[in-house]
Amino acid sequence: MARSRGFHAVTAAAVVLAGGLLWVGARGAGPVPPLGPLLDPARGAWAIARAAERPARSVARIPDLTQPVRVLVDQRDVPHIFAATALDAARALGWLTARDRLFQMELQARAGEGTLTELVGARALPLDRETRALGLDRAIARSWAALADTADERQLLDAFSAGVNAWIDAGSAAELPLEYRLLGVSPRRWHPSHTLAVLARMNYTLSAGAPELDRLAAASLVGTAAAEALFPRHAPLVEPVIPARRAMPAFDLPPLPDPGAPDSAAGALLRTLAAVLPSRARDAEEVSLGSNNWAVAAGRTKAGRALLAGDPHLELSLPSIWYEAHVVVPGDRDAYGVLVPGTPVLAIGFTREVAWSVTNVSGDFTDAYRETVDDARAPTRHRVDGAWRPVETWTTTYRDPRGRIVAVDTLRATFRGPLRLVGDTWLSLRWTALEGGHELRAGDRLARARSIEEALAAQAEWQAPPLNLLLADRSGRIALRVNGRFPVRPGDGRGDVIRDGATSSADWTGDLPPARLPQAIAPEQGFLASANQESVDPRDDDTYLGSTWPSPWRALRINALLRADSAVTPEAMSRWQVDAGNARADLLVPAFLGAVRALGAAAPASARAAATYLARWDRRFGPENRHATLFEQAGRELGDRLWDELWSVEDSGGRTVRRRPRQTPAEMVLLSLLRQPASAWWDDRRTPAVERRDELLAQALGTAWDTLLARHGPAGGDAWRWSERRPAMVPHLLRLRPLGRYDIAAVGGSGTLSPRTPGSAHGASWRMVVELGDTVRAWGIYPGGQRGNPVAHGYADRLPRWARGELDTLPMPRTAAELPAATVRERLTLEALP
């Protein structure tokens, strides 16, 4: 058997090496390393085959361990760490994550601090420039300096780093990750601040966004009144995170005003803000980069025990963005869950007393200030309240892997944050992500909480990014808090404007105090759920938290399932995580069918045929479904026609070019228009006819039908299968195609509980269900495997079960002796260096 596995590993290594080299050369990802060193069986890429197999028993050494740490690695490659102290456990965790994920750790840390060029070369310069221009590198340095006064966090980071470096120092050449070999570079030693850089990168991923840009882009084309309606401050389809006083869901669907005259001032403001605000390209519904979690109190479960489900949706990669671990320190913690490689605390997980999960809050955490400066080209001061304040100026240098200078930039900052020249305007940026808190300490304390109250107290120091923190405890209670830092702004409190930096009255006046953070503890309804939707029903509390919220399709579906079941089981929770139902389709399919029915014989023949086919759909997004393909195509066709007013027209070399909108309104806004059949928005201005609601819906449906027939053959054929049209994908973190997995058939689609959009690598990054009773039971899975070695069995072994919606049982032994010997793959003892 061992020989068979070894042969497989060598064969796989050959394929991976050849594919990796071809990819590096063909894609221009960097210079192809010399073949000689790569083919060296001891040190080259071939050595990954040797490193794929590990001994059943081994001993390693880490500096400063107070006592030996025992590690049992189970059949799923999950380490169960049994340590005498929390710092010993952190040292062991650093060693283990470095062994399995070192390149990923370094890549993420460099992305956070803006030094990717030093790893992958000059092609990463635009990414590094953005990172440093936003001030993330300096925020990391400030956070590290501030830790001198917080001994517990500093000790935690030092211990974790010692473990990482112990593996780097003692690791054999054969164990060096393949990516280093393909890039022709060596790993750097891990500094404690590198963990802060990993957290900074996650913060950017979760909190970067500029909803005001969407509204300004629309205003520049159709006027401010129309833009405010298309991108409303409050979600018109209401199903909030915190249970509301009125019945849910609620439809607050005011009429949309007609398109107005372009607002030239909005266009100028858009160009200014777009150059300074941290902003990601986003899908119209933001259905991919999101998350679900929900919990059910004991009184609504079949077994009388609280249940919690965690389901974060993030960018998928191989290796996974999560690392799974179980840490036992007698008298201190017994915690299981997933962490971001490069960090020593569990982000999502459970103990024997408490379970927790988080989703992102789609709030507003950035403000831009128009500064008055002393020099329009090279300012050294800016004016506030009639007095001059200094502008900090410095140069930053970018280097390649050989230390050669790639570029040098001059950067500036005010006391508010980074300062940048946009056109003839100097703007400074204030962003909560640049003013860090004590997230590490908050996360570490959460793993020791024994009740909901202790868990909420542990998270009181959490600042950024704000998260919907969901909790359940062994007493059977549940709770949810919109947790983090929410700045309080002057005036109307809104943050989607440029403020006058010349007056301190424009600055934040503080933060929402913990008592004002939206929360629910032991709600009467017996369940709680969040899916990135608006936090609170504005009729209950109109406090400004954000101004653009994604459509709550997932929230509607989760709450509908929870309301319908008063005896919930763990099996039901698991089944719901891959539920194929779709509240979006439930609301929009009748509109298409109703339009064709209303037009009767006047509807295009293709629309009538499509309506007959669509009417047979159960509105579920299973892999074998064909009808979902028609629905999604019709939605795209409708969007292009309906929002034609938002397409910009530009002159390009004497040619007129129409460009897609930066962002189209959320589909929940369409629900308002469906009540206005004669609205001017329904008219497609590109045609001589004046369309109304039914005509445009029928046209979109008929065109979708014709398009699919032309592209994929007869309706209902294999080419129409949802898994063919919208497969899941999990690429390699460097986008090395031979190391990724593509064309994965899985449940999910836009607006489902397992969302997926075309060409997107986002999805359910970790699924977890926990039942808290006298004995904790838990299940979980993520798309990938624990190990970063692409020829190891544990590289992508979980993907098939993840695609099928299955969960693995998560064993949680109290002691090493409790883990059945048959389930142990590796026994490792970590000892102190002499």
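Residues numbered from 1 in each chain as written. Predicted model: local features only at pLDDT ≥ 70, side-chain atom pairs only at ≥ 80, totals over all residues. Heavy atoms only, no water.

1. Topic: unusual backbone geometry
- In this structure, the amide linkage connecting Leu 318 to the following residue, Pro 319, adopts the cis form with an omega of -5°.
- Positive phi, close to 70°, is recorded for Asn 532, a residue that is not glycine.
- Here Asn 532 shows up in the loop between strand E25 (527–530) and helix H16 (553–563). (Helix = DSSP H or I, 4+ residues; strand = E, 2+ residues; numbered from the N terminus.)

2. Looking at the sheet that holds strand E1 (residues 57–62)
- On the basis of which strands lie adjacent, the open sheet formed by 11 strands has the order E1-E34-E2-E3-E8-E9-E10-E11-E19-E20-E24 and mixed pairing. Each having just a single partner strand, E1 and strand E24 (519–521) make up the two edges of the open sheet. Strand-to-strand twist of the sheet, defined as the mean angle between neighbouring strand axes without regard to direction, takes the value 20°.
- Two elements, strand E10 (residues 348–350) and strand E11 (residues 354–360), share 2 bridges in a ladder whose sense is antiparallel. Residue pairing across strands places Phe 350 opposite Ala 355, the latter belonging to E11. (Pairing = 2+ DSSP bridges. Axes fitted to C-alpha atoms, helices over the stretch in contact; angles between N-to-C directions.)

3. Thoughts on the pairing of E11
- With 7 of its 7 residues buried, E11 lies for the most part within the structure.
- What you see with E11 is no split at all: Val 354, Trp 356, Val 358 and Asn 360 on one side and Ala 355, Ser 357 and Thr 359 on the other are buried throughout.
- Here E10 hands over to E11 after 3 residues, the two strands then running antiparallel side by side.
- For E11 and strand E19 (residues 467–473), the ladder comprises 7 bridges, and the chain directions are antiparallel. Looking across to E19, one finds that Ala 355 is bridged to Ala 472. (Buried < 20%, exposed > 50% of the residue type's maximum accessible area, 1.4 Å probe, protein only.)

4. What about the pattern of salt bridges?
- According to the stated counting rule, one finds 63 salt bridges in the structure shown.
- Residue Asp 152 is joined to Arg 441 by a salt bridge in which the shortest nitrogen-to-oxygen separation is 3.3 Å. Within this pair, whereas Asp 152 is found in helix H8 (residues 151–170), its partner Arg 441 is found in helix H14 (residues 439–446), the two being separated by 289 residues in sequence.
- Accessibility expressed as a relative area gives 35% for Asp 152, which makes it partly exposed.
- Residue Arg 474 is joined to Asp 774 by a salt bridge in which the shortest nitrogen-to-oxygen separation is 3.5 Å. (Salt bridge = Lys/Arg side-chain N within 4 Å of Asp/Glu carboxyl O.)

5. Quick notes on the pairing of E19
- Of all 7 residues making up E19, 7 are buried, and the element is well covered by its neighbours.
- Here E19 shows two buried faces, one formed by Leu 467, Leu 469, Leu 471 and Asp 473 and the other by Asn 468, Leu 470 and Ala 472.
- Here E19 runs beside strand E20 (residues 478–483); their pairing, made up of 6 bridges, is antiparallel. Bridge pairing in E20 places Leu 470 opposite Leu 480.
- Between E19 and E20, which pair antiparallel one after the other, the connecting turn spans 4 residues, and Gly 476 there sits at a positive phi close to 100°.

6. A word on the packing of aromatic side chains
- Taken as a whole and judged by the stated rule, the model has 13 aromatic pairs.
- The interplanar angle of 75° and the centroid separation of 6.5 Å between the aromatic rings of Phe 621 and Phe 631 together place this pair among those described as edge-to-face. Placement of Phe 621 in the loop between helix H19 (605–614) and helix H20 (627–642) and of Phe 631 in helix H20 is noted, with a sequence separation of 10 residues between them. Considered together, Phe 621 and Phe 631 belong to a single accessibility category, that of buried residues.
- Taking 5.8 Å as the distance between ring centres and 70° as the angle between the ring planes, the aromatic pair formed by Trp 705 and Trp 720 counts as edge-to-face. Of this pair, Trp 705 sits in helix H22 (residues 693–712) while Trp 720 sits in the loop between H22 and helix H23 (722–725), and the two are 15 residues apart along the sequence. Assigned by exposure class, Trp 705 and Trp 720 land together as buried.
- An aromatic cluster of three or more residues is present, and its members are Trp 617, Phe 621, Phe 631 and Trp 722. (Phe/Tyr/Trp six-rings, centres within 6.5 Å; stacked < 30°, edge-to-face > 60°.)

7. Let's talk about the side chain of His 326
- Considering the arrangement of structural elements, one finds His 326 in strand E8 (residues 323–329).
- A polar contact is formed between the side chain of His 326 and the side chain of His 80, at a distance of 2.9 Å.
- Every residue in contact with His 326, bar those within four places of it in the chain, is listed here: Pro 79, His 80, Ile 81, Asp 334, Ala 335, Tyr 336, Met 812 and Pro 813. (Polar contact = N/O pair within 3.5 Å; in protein donor to acceptor, adjacent residues only side chain to side chain. Contact = heavy atoms within 4.5 Å.)

8. Observations concerning the nonpolar core
- Within the largest apolar cluster, 119 residues are counted, with the highest numbers of intra-cluster contacts made by Trp 95, Trp 322, Phe 350, Trp 431, Leu 471 and Leu 830.
- By size, the runner-up hydrophobic cluster in this structure holds 62 residues, among which are Leu 556, Leu 697, Leu 701 and Trp 722. (Core = buried A, V, L, I, M, F, W, Y, C linked by side-chain atoms within 4.5 Å.)

9. Focus on H19
- Of all the positions in H19, only Ser 606, Ala 607, Ala 610, Ala 611, Tyr 613 and Leu 614 are classed as buried. Axial view of H19: buried residues confined to an arc of 160°, hence all on one face.
- Buried positions along H19 lie against helix H18 (583–599), H20 and H22. (Arc of directions from axis to C-beta.)

10. Comments concerning the environment of Arg 76
- With respect to the helices and strands, the residue Arg 76 is situated in the loop between strand E2 (69–74) and strand E3 (79–82).
- Given the relative accessible area of 11%, Arg 76 is considered buried.
- Considered as a pair, Arg 76 and Glu 324 are 248 residues apart in the sequence and their alpha carbons are 9.5 Å apart.
- Filtering out sequence-adjacent residues up to four positions away, Arg 76 remains in contact with Glu 324, Tyr 336, Gly 780, Gln 786, Arg 798, Asp 808, Thr 809 and Leu 810.
- Of the polar contacts made by the side chain of Arg 76, one reaches the side chain of Glu 324; its length is 2.9 Å.

Shape is all these values report; function is a separate question.
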